[in-house]
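# Observations on chain architecture
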Amino acid sequence: MATEIREAEQNASVSDSDSGQSDFIETNEIPGKSSNTLLVANDSFEDLSYAELNNTIVASPMGTINSLVKKKAKRSLSLPEREHVEDTVSESEVDDSEVETSEICDDSQVDMIEARVTELSLQETTSQTADAQIPHLMTNTDTDYVNSPEWKRQKKHIFILSESGKPIYSRHGNEDKLVTIMGVMQALVSFVADSNKDTLRSIVAGDHKFVFMTRDHLTFVGVTRGKESTQQMFLQLTYMYNQVISILTHSTLTRIFKQHRNYDLRRPLSGAEKFFDNLLNLMDVEPGLLLTSVRCLPLDSNVRDIVSQTIAQHAKVKDLVFALIIAQNQLVAVVRMKKYYLHPMDLHLILNLINASESFKAAESWTPICLPKFDAAGFLQAHVSYLDEECQTCLLLLSVDIEAFYTLSECKAKIQERLIKYNALAAINNSLKRNSYSIQQCSISDLRHFLYKSRSTAQYTSPELEAPYNTKEEKERLFGLYYYLHDRIHTSGRTLKILFHVGAYETLLGWVTTGFELYAVFGPLVTKMSAIHAVNKLLRWIKKEEDRLFILSSVTF
Amino acid sequence: MSTKKKADLKVIILGDYNVGKTSLICRYIDGTFRPKDPTVGAAFFLKQWGPHNVAVWDTAGDERYSGLSHFYCRGAGAAILAFDLNSSQTFESLWARFGSILEAANEDCLKVVVGTKMDLLDQSNRDITPEEGKKLARELNEHLDFKKMPHEPYFETSSLTNQNVDEVFQFIFQYCLPLSAEQKKKYGKGSVIDLIENSDEHKSTRRCC
Ligand SMILES: Nc1nc2c(ncn2[C@@H]2O[C@H](COP(=O)(O)OP(=O)(O)OP(=O)(O)O)[C@@H](O)[C@H]2O)c(=O)[nH]1
Ligand SMILES: [Mg+2]
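Residues numbered from 1 in each chain as written. Chains lettered and ligands numbered in written order. Predicted model: local features only at pLDDT ≥ 70, side-chain atom pairs only at ≥ 80, totals over all residues. Heavy atoms only, no water.

### Structural notes on the overall build of chain A
What chain A contains, in helices and strands, is 19 helices and 18 strands. Sorting the 557 residues of chain A into buried and exposed places 57% on the buried side. Considering only intrachain contacts with a sequence separation of at least 6, the fraction spanning at least 24 residues in chain A is 68%. Summed over its atoms, the accessible surface of chain A is roughly 23,300 Å², and 51% of this surface lies on carbon and sulfur atoms. (Helix = DSSP H or I, 4+ residues; strand = E, 2+ residues; numbered from the N terminus. Buried < 20%, exposed > 50% of the residue type's maximum accessible area, 1.4 Å probe, protein only. Contact = heavy atoms within 4.5 Å. Areas by Shrake-Rupley, 256 points an atom, 1.4 Å probe, with all protein chains shown as cover.)

### Quick word on the side chain of A:E546
Position of A:E546 among the secondary structure elements: in helix α19 (residues 528-549). When near neighbours in sequence (up to four residues on either side) are disregarded, A:E546 contacts A:I30, A:P31, A:G32, A:K33 and A:L552.

### Looking at the sheet that holds strand β6 (residues 218-224) of chain A
Strand pairing in a sheet relies on backbone hydrogen bonds. The paired strands run either parallel or antiparallel. All names here are of chain A. Taken together, the 5 strands give an open sheet; going across it, the order is β3-β2-β6-β5-β4, and neighbouring strands pair in antiparallel fashion. The sheet is open, and its two edges are formed by β3 (167-170) and β4 (202-205), each paired on a single side. Across the sheet, the mean angle separating the axes of adjacent strands is 15 degrees when strand polarity is ignored. Examined bridge by bridge, strand β2 (residues 156-162) and β6 share 7 bridges and lie antiparallel to one another. The residue bridging S162 from the neighbouring strand is L218, located in β6. Along the sheet, helix α11 (residues 273-285) makes contact with β2 and β3, crossing β3 at roughly 40 degrees. (Pairing = 2+ DSSP bridges. Axes fitted to C-alpha atoms, helices over the stretch in contact; angles between N-to-C directions.)

### Here we look at the pattern of salt bridges
Residue and element names in this part refer to chain A. A full pass over the atoms with the stated rule returns 26 salt bridges over all chains. With a shortest N-O distance of 3.0 Å, R477 and E474 are connected by a salt bridge. Separated by 3 residues within a single helix, R477 and E474 lie in helix α18 (residues 472-490), roughly one turn from each other. Accessibility expressed as a relative area gives 22% for E474, which makes it partly exposed. As a salt-bridge pair, K543 and E546 come within 3.2 Å of each other at their nearest N and O atoms. Of the two residues, K543 and E546 both sit in helix α19, 3 residues apart, roughly one turn of that helix. For K543, a relative accessible area of 28% gives the class partly exposed. (Salt bridge = Lys/Arg side-chain N within 4 Å of Asp/Glu carboxyl O.)

### Observations regarding the UniProt feature "domain: FUZ/MON1/HPS1 second Longin" (unreviewed entry) in chain A
In the numbering used here, UniProt assigns the feature "domain: FUZ/MON1/HPS1 second Longin" (unreviewed entry) to residues 318-415 of chain A. Across residues 318-415 of chain A, helical content stands at 29% and strand content at 36%; the span's end C-alpha atoms are separated by 16 Å. (UniProt positions renumbered as here; feature names shortened; annotations may be inferred.)

### Re the packing of aromatic side chains
Considering all chains together, one arrives at 26 aromatic pairs over all chains under this definition. Judged by centre distance (6.0 Å) and plane angle (65 degrees), the rings of A:Y340 and A:F374 are edge-to-face. Separated by 34 residues along the polypeptide, A:Y340 in the loop between β9 (330-336) and α14 (344-356) and A:F374 in helix α15 (residues 372-375) bring together distant segments of the chain. Ring plane angle 55 degrees and centroid distance 6.1 Å describe the contact between A:W366 and B:F71, whose orientation is recorded as tilted. Of this pair, A:W366 sits in strand β10 (residues 364-369) while B:F71 is found in helix α2 (residues 69-73), placing the two residues in two different chains. Comparing A:W366 with B:F71 shows no difference in burial state: the two are buried. (Phe/Tyr/Trp six-rings, centres within 6.5 Å; stacked < 30°, edge-to-face > 60°.)

### Section: unusual backbone geometry
Residues and elements named next belong to chain A. For the bond from A467 to P468, the omega torsion is 0 degrees, close enough to zero to count as cis. Mapped onto the secondary structure, P468 falls in the loop between β14 (459-461) and α18. The residue Q328 is not glycine, and still its phi comes out positive at about 45 degrees. With respect to the helices, strands and loops of the structure, Q328 is situated in the loop between β8 (320-327) and β9.

### Notes on the coordination of the magnesium ion (ligand 2)
For a metal bound by four donors in a tetrahedral arrangement, the ideal donor-metal-donor angle is 109.5 degrees, while six donors in an octahedral arrangement ideally sit at 90 or 180 degrees. Residues and elements named next belong to chain B. At 1.9 to 2.0 Å from the magnesium ion (ligand 2) lie its protein donor atoms, namely T22 (OG1) and T39 (OG1). Placement of the pair is T22 in helix α1 (residues 21-30) and T39 in the loop between α1 and β2 (42-49), with a sequence separation of 17 residues. T39 shares its class with T22; the two are buried. (Donors = N, O, S within 2.8 Å, 3.2 Å for Na, K, Ca; no water.)

### So, the nonpolar core
Residues and elements named next belong to chain A. Of all hydrophobic cores here, the largest spans 82 residues; its most connected members are L265, L324, L331, I350, L396 and L398. Leave out the neighbours within four places in its chain, and L396 touches F322, A323, L324, I326, I350, I354, A382, H383 and V384. Ranked by size, the runner-up nonpolar core spans 64 residues in total, among them Y406, I415, L425 and F557. (Core = buried A, V, L, I, M, F, W, Y, C linked by side-chain atoms within 4.5 Å.)

### Brief notes about the environment of A:E389
Residues and elements named next belong to chain A. Mapped onto the secondary structure, E389 falls in the loop between β11 (380-386) and β12 (393-399). What makes E389 partly exposed here is its relative accessible area of 39%. Remark: the alpha-carbon pair of E389 and K361, spanning 28 residues in sequence, is separated by 9.2 Å.

In structure tokens, the structure reads:
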């Protein structure tokens with residue numbers, strides 16, 4: 001890197017020469033630490049690898065949702081009254097009923113899609129022959145389009161294609177016009193796979209990186225000339241894959257391709273482009289996705305307690321797995337069923353669903369969502385409603401029971417009424433109106449911005465983006481610095497504990513321990529010593545504010 | 001099951017994506033027409049008709065949500081089958097897609113075929129004639145006694161110009177939950193207001209747009 005003046009990397013153990021071990025925070029004081037888990041990410045950024053792709057998601061009938069529904073089936077079967085069992089099968093078939101009832105939730109949907117698949121396979125073949133007859137025409141318009149300055153100007157492209165090279169999604173431009181280029185991508189992937197029994201992961205050409213990921217008969221390709229590393233691009237492609245699963249479920253996806261290798265996935269995904277677009281836009285502005293952690297809305301801890309207790313009390317209904325309140329992409333409260341945790345990557349899919357769907361603002365809604373980390377095999381049903389007139393504070397109730405809508409609608413009314421009565425909704429709105437916090441509040445000279453992630457709770461905090469990082473270009477540049485710092489710390493062979501980097505316009509300090517990750521941006525002239533002192537001061541400040549910035553206690557139903 | 005919100009009638013609206021289902025409901029409920037985002041999943045509205053509560057389910061036209069159809073169709077007393085008057089494909093879908101879905105509805109479910117976006121229609125160059133629409137409506141309702149209806153269960157509407165919108169809902173409500181002239185007078189124009197507006201605790205949280 002040309003702008004680098006000097007750089008020091010070291011492990012914490014060797015860096016204590018002048019700063020002194022005493023400057024490092026003691027473990028029991030880690031800000032935002034909690035043993036009372038709310039979100040759970042037992043996999044880290046380093047764990048993300050190609051090796052994992054083939055064995056992570058196994059659509060077993062023993063998925064989490066199935067076991068929950070099974071429990072329910074058992075419960076209802078054990079009830080003496082027959083009417084409670086109406087949806088299950090006769091008692092003589094108790095053994096089978098476990099399997100059958102467990103399919104209520106997801107399989108009706110699966111069957112529907114399958115029916116469409118069969119129906120459409122005929123049309124498929126006809127359209128293919130039509131395409132084959134006019135190859136020149138296709139190729140010409142394709143080339144024109146791909147060579148247009150508008151398309152070339154884009155900083156990051158993301159594509160999804162099928163194993164046979166059929167375009168499914170493109171972030172920029174209509175995927176119809178990209179048939180040729182996607183064919184080339186698929187050819188590259190297959191060539192490496194066929195001739196060397198190997199996997200194509202990335203190509204670096206000039207300032208462009210091409211990153212490939214094949215999973216469940218789908219190929220995801222990311223092309224960037226931004227600061228993301230290949231591993232970070234791989235993470236972004238993983239989010240895209242998760243988004244596909246979230247819409248279709250893993251079971252449906254594999255079933256579709258088992259039956260029709262050539263199936264046009266755009267059909268079941270029609271209307272879902274907005275979720276992909278929104279997710280990609282979110283990735284460009286929201287560091288939580290890179291850090292696989294979420295940001296909480298700053299709130300007095302007693303207000304937050306009132307909110308979670310109110311939910312726990314008034315949404316105590318069977319089959320409700322998670323209840324959460326979200327405001328402007330920040331987490332306000334989560335209440336969960338005992339033994340079940342929400343994964344931050346799943347939470348980002350939930351945030352994306354809310355973020356991308358204006359229609360929830362019109363009325364109480366009921367929609368399926370699959371959370372791949374929770375259970376990739378089936379859908380949860382989400383009751384979505386806004387609690388305030390401005391449609392800022394959103395309540396989500398996630399159940400395994402597709403019939404639970406009316407019950408949940410009543411829960412929502414009660415929760416809303418109590419939160420208004422206890423002024424909690426007003427407190428949330430106030431917090432939303434105030435900016436989160438300014439870097440000045442930390443009163444640390446020369447510290448310009450930071451990201452702090454508490455690993456045990458998978459939550460992060462950071463101050464508002466202020467001057468000089470208030471223009472689009474500067475925000476993007478700051479994000480680039482974080483990408484760089486994050487990548488250096490995590491993917492340079494060994495995981496570094498501390499990284500001090502002096503750039504042309506700012507100095508960076510990254511520090512990773514088992515308890516936290518800190519990425520700090522200083523003015524250009526700060527010394528290593530003063531930076532280390534500064535981050536220690538910062539950690540003390542975060543510690544002081546932790547009750548407001550993090551959710552430290554986990555409430556269950 | 002809910003007691004407080006238990007509705008006396010469930011009305012659902014089905015049809016291909018983008019035909020204007022949400023616009024129709026919002027035009028009726030708030031009297032406005034604004035651009036709408038595609039519906040995600042299904043959305044629930046509660047309305048009052050005289051002394052009765054009516055649940056209105058707006059549904060997403062996107063096929064990937066068809067898994068929900070069983071849930072919202074069950075117990076439906078009336079279904080609006082919406083198609084875009086300017087697109088014969090959306091009319092064909094009413095047969096192809098929604099016939100089987102509606103088997104989950106009540107046996108005596110009233111099916112009302114509603115053509116949308118009348119304002120965009122070039123009357124001299126129609127894809128679907130009113131006769132075809134009426135024919136479909138009659139076939140779907142073979143089980144019902146047409147003599148009880150003041151009108152065939154077929155309407156051509158525009159949410160933009162508010163043409164025939166109220167008529168669709170009045171027709172359904174009056175058929176399923178008949179009000180006497182006296183009752184209608186008593187509840188007056190206010191018979192069609194949002195229930196949530198009625199509870200004094202939180203006023204009009206439901207804005208359609
Ligand atoms: N000109 C005109 N446009 C209309 C009318 N009704 C709806 N539209 C437009 O048609 C588009 C789709 O309307 P929606 O109400 O969202 O359609 P929908 O059937 O609810 O779509 P999904 O929720 O995706 O199933 C919007 O851009 C509306 O503005 C109408 O009566 N006249
Ligand atoms: Mg709609």
